[in-house]
Amino acid sequence: MTECLFCRIVQGEIAADIVYQDESVIAFRDIQPQVPTHVLVVPRRHVAGYNDLTKDDDALLGSVGRAAAHVAQLEGIGSSGYRCVVNSGQDALQSVPHLHVHVLGGRPLSWPPG
Ligand code: DGP
């Protein structure tokens, strides 16, 4: 059994509130939402993070990006605005080593981030 938390969600071993899925990605609500809309878009195939991307992942990254925009539309924040965040490594507080895009919105967001 895989030890990767998000691989286990992808495989259905751990429950999640799934808002969208297709052949390449799965999108589910973050368990600790930081804003009114907080969804994680995760590739089904395990990639640990941005530092691990190779040319073979170009299509995968495109699928994740398009899915994030689609999720924003589904969640009703596509027009009002939203932020896509990928935390990478210790200083960025990446806590789950499986690539994921945070789709954040539902209220005006400040800049720069903390
Ligand atoms: P990051 O810190 O960028 O690696 O974000 C990981 C996010 O994953 C964090 O916001 C909390 C969320 N998370 C952690 N465990 C679970 C879980 O079991 N289920 C769900 N839905 N989200 C989780």
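Residues numbered from 1 in each chain as written. Predicted model: local features only at pLDDT ≥ 70, side-chain atom pairs only at ≥ 80, totals over all residues. Heavy atoms only, no water.

Counting buried residues along strand E5 (residues 101-105), 5 of its 5 residues qualify, which places the element largely inside the surrounding structure. Judged by which residues are buried, E5 turns out to be covered on both faces: Val101, Val103 and Gly105 on one side and His102 and Leu104 on the other are all buried. Two strands pair when backbone bridges link them, and strand E4 (residues 82-85) and E5 are joined in this way by 4 bridges, in the antiparallel orientation. If you follow arginine 83 over to E5, its bridge partner there is leucine 104. (Buried < 20%, exposed > 50% of the residue type's maximum accessible area, 1.4 Å probe, protein only. Helix = DSSP H or I, 4+ residues; strand = E, 2+ residues; numbered from the N terminus. Pairing = 2+ DSSP bridges.)

Counting through the fold element by element, threonine 37 comes out in strand E3 (residues 37-43). The class for threonine 37 is buried, based on a relative accessible area of 9%. Not counting residues up to four positions away in its chain, the partners in contact with threonine 37 are Glu75, Ile77, Val103, Leu104, Gly105 and Gly106. (Contact = heavy atoms within 4.5 Å.)

The immediate surroundings of the ligand are formed by 15 residues, with Asp30, Asn87, Leu93, Ser95 and His102 found nearest. One of the side-chain nitrogen or oxygen atoms of asparagine 87 is found 2.8 Å away from an oxygen atom of the ligand. The backbone of serine 95 places a nitrogen or oxygen atom 2.7 Å from an oxygen atom of the ligand. Bound to the protein, the ligand loses 86% of the 510 Å² it would expose on its own. Contributing elements (two or more residues each) for the shell around the ligand: helix H1 (5-10) and strand E2 (25-29). By residue number, the principal contributor to the shell around the ligand is H1, which donates 3 residues. A breakdown of the residues in the shell around the ligand according to their chemical character gives 8 nonpolar, 5 polar and 2 charged. (Near = heavy atom within 4 Å. Polar contact = N/O pair within 3.5 Å; in protein donor to acceptor, adjacent residues only side chain to side chain. Areas by Shrake-Rupley, 256 points an atom, 1.4 Å probe, with all protein chains shown as cover. Nonpolar A, V, L, I, M, F, W, Y, C, P; charged D, E, K, R; others polar.)

One finds Val25, Ala27, Val39, Val41, Val64, Ala67, Ala68, Val71, Ala72, Ile77, Val101 and Val103 forming the largest nonpolar core, which totals 12 residues. Secondary-structure elements contributing two or more residues to this core are E2, E3, helix H2 (58-74) and E5. The element contributing the most residues to this core is H2, with 5 residues. Excluding its chain neighbours within four sequence positions, the residues that come into contact with alanine 67 are Tyr20, Val25 and Val41. (Core = buried A, V, L, I, M, F, W, Y, C linked by side-chain atoms within 4.5 Å.)

Turning our eyes to something else, we now look at the packing of aromatic side chains. Using the criterion set out here, one finds 1 aromatic pair in the structure. Consider the rings of phenylalanine 6 and phenylalanine 28, whose centres lie 5.4 Å apart with planes at 80°: the pair is edge-to-face. Taken as a pair, phenylalanine 6 in helix H1 and phenylalanine 28 in strand E2 lie far apart in primary sequence, 22 residues in all. Here the two residues phenylalanine 6 and phenylalanine 28 agree in accessibility, since each one is buried. (Phe/Tyr/Trp six-rings, centres within 6.5 Å; stacked < 30°, edge-to-face > 60°.)

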